[in-house]
Amino acid sequence: RIPSCHISYLPPAFSFSIMGGASSFYAMLAVTAFLFSIWLAGRAARLIRVSSIVIEVGVGIVLGPALASVIPRELSECAYDRATDCDTRASQLKIAHEGTKYCDLQEYLDRGNYGKPWWEGFFGTDTSVKLDGVNYTLNVNPLRMPRDDKWGDTDYTDYGKCLKEKCTYKLSMNCATNPDIFTTVGHTGVAMMIFESGMHFDFDQAKTVGPWACAVAVLGTI
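Moving on: the packing of aromatic side chains. Counted by the stated rule, this structure contains 8 aromatic pairs. On the basis of an interplanar angle of 70° and a centroid distance of 5.8 Å, the ring pair of tyrosine 108 and tyrosine 159 is categorised as edge-to-face. Of this pair, tyrosine 108 sits in helix α7 (residues 105–111) while tyrosine 159 sits in helix α8 (residues 159–177), and the two are 51 residues apart along the sequence. For tyrosine 108, a relative accessible area of 0% gives the class buried. Through successive ring pairs, a cluster of aromatic residues spans Tyr108, Tyr114, Phe122, Phe123 and Tyr159. We note arginine 89 situated over the ring of phenylalanine 122; from NZ or CZ to the ring centre the distance is 4.4 Å. Against the face of tyrosine 169 rests lysine 166, its NZ or CZ located 5.4 Å from the ring centre.

Pasting the structure below:
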């Protein structure tokens, strides 16, 4: 047993572990405060007779990660977004090592769009590089015609620009398929609102305005 006279010399980390849950208390308090604020906003909207959705969304934006950041970022922002910065060379290099999946280096070399001159390209003064098991020679002039069976994209001005844009694309796809908890709850709420609206659908009225509404929707989409 630890003598009582030595308790004051325990490091802070040891003291927090004894308390148990000290690190999660702020998160619980922040979530409670956030939800309570949204509830108050809805009540206030009813008193002044305005749309509660507009007020609630506004309060959510103010208290969200973009402004006040009341909710911890771990709960309100995608984990990939917090761990990836597509402006850094390290993140872009990960895309490069995907080979032709996102940016076809050989196509950029063949088209002469890798770097002008080549040592100002993404890999600098390196004369060769190995990506996804394939060796590429960087310090050569483009003598071959671009391949017709290219695998990657060459829609950007240079190879480095492609890596940055494709990093942003991959980040968006990862966050869309693996969202944070609050984004998931938000999407679920929107789906439930749409479902609830469908439950009150007037089928008799749809027979009257349905064809014209569909025509306008199709033309508007086109």
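On we go from here.
On to the state of the cysteines, then. Disulfide: a covalent bond formed between the sulfur atoms of two cysteine residues. The tally for this structure, following the rule as stated, stands at 3 disulfides. There is a disulfide in this structure between cysteine 78 and cysteine 175, and the S-S distance comes to 2.3 Å. Because the torsion about its S-S bond is -90°, the bridge between cysteine 78 and cysteine 175 counts as left-handed. Pair noted here: cysteine 78 is in the loop between α4 (73–76) and α5 (79–83) and cysteine 175 is in helix α8, with a separation of 97 residues, a long-range link. The same class applies to cysteine 78 as to cysteine 175, namely buried.

Another aspect to go through is the pairing of strand β1 (residues 128–131). Going residue by residue along β1, you find Val129 and Leu131 tucked away on one face and Ser128 and Lys130 left uncovered on the opposite face. Pairing between β1 and strand β2 (residues 134–137): 4 bridges, direction antiparallel. Along β2, the bridge assignment pairs lysine 130 with asparagine 135. Linking β1 back to β2 in an antiparallel pair, the connection comprises 2 residues, with aspartate 132 at a positive phi of about 55°.

On to the pattern of salt bridges. Summed over the entire model, instances satisfying the criterion amount to 4 salt bridges. Lysine 170 serves as the salt-bridge partner of glutamate 98, at 3.1 Å between the closest nitrogen and oxygen. Of this pair, glutamate 98 sits in the loop between α6 (89–96) and α7 while lysine 170 sits in helix α8, and the two are 72 residues apart along the sequence. The exposure class of glutamate 98 is partly exposed, given its relative accessible area of 27%.

Viewed as axis vectors pointing N to C, α6 and α8 meet at an angle of 90°, and their least axial separation amounts to 9 Å. When the interaxial angle is binned, α6 and α8 end up roughly perpendicular. Residues Ser91, Gln92, Ile95 and Ala96 of α6 pack against Tyr159, Gly160, Leu163, Lys164, Lys166, Cys167 and Lys170 of α8. By residue class, the composition of the contact of α6 with α8 is 5 nonpolar, 3 polar and 3 charged.

What counts as what
- Residues numbered from 1 in each chain as written.
- Predicted model: local features only at pLDDT ≥ 70, side-chain atom pairs only at ≥ 80, totals over all residues.
- Heavy atoms only, no water.
- Phe/Tyr/Trp six-rings, centres within 6.5 Å; stacked < 30°, edge-to-face > 60°.
- Helix = DSSP H or I, 4+ residues; strand = E, 2+ residues; numbered from the N terminus.
- Buried < 20%, exposed > 50% of the residue type's maximum accessible area, 1.4 Å probe, protein only.
- Lys NZ or Arg CZ within 6 Å of the ring centre and 35° of its normal.
- Disulfide = S-S within 2.5 Å.
- Pairing = 2+ DSSP bridges.
- Salt bridge = Lys/Arg side-chain N within 4 Å of Asp/Glu carboxyl O.
- Axes fitted to C-alpha atoms, helices over the stretch in contact; angles between N-to-C directions.
- Parallel < 35°, antiparallel > 145°, perpendicular 65-115°, else oblique.
- Contact = heavy atoms within 4.5 Å.
- Nonpolar A, V, L, I, M, F, W, Y, C, P; charged D, E, K, R; others polar.

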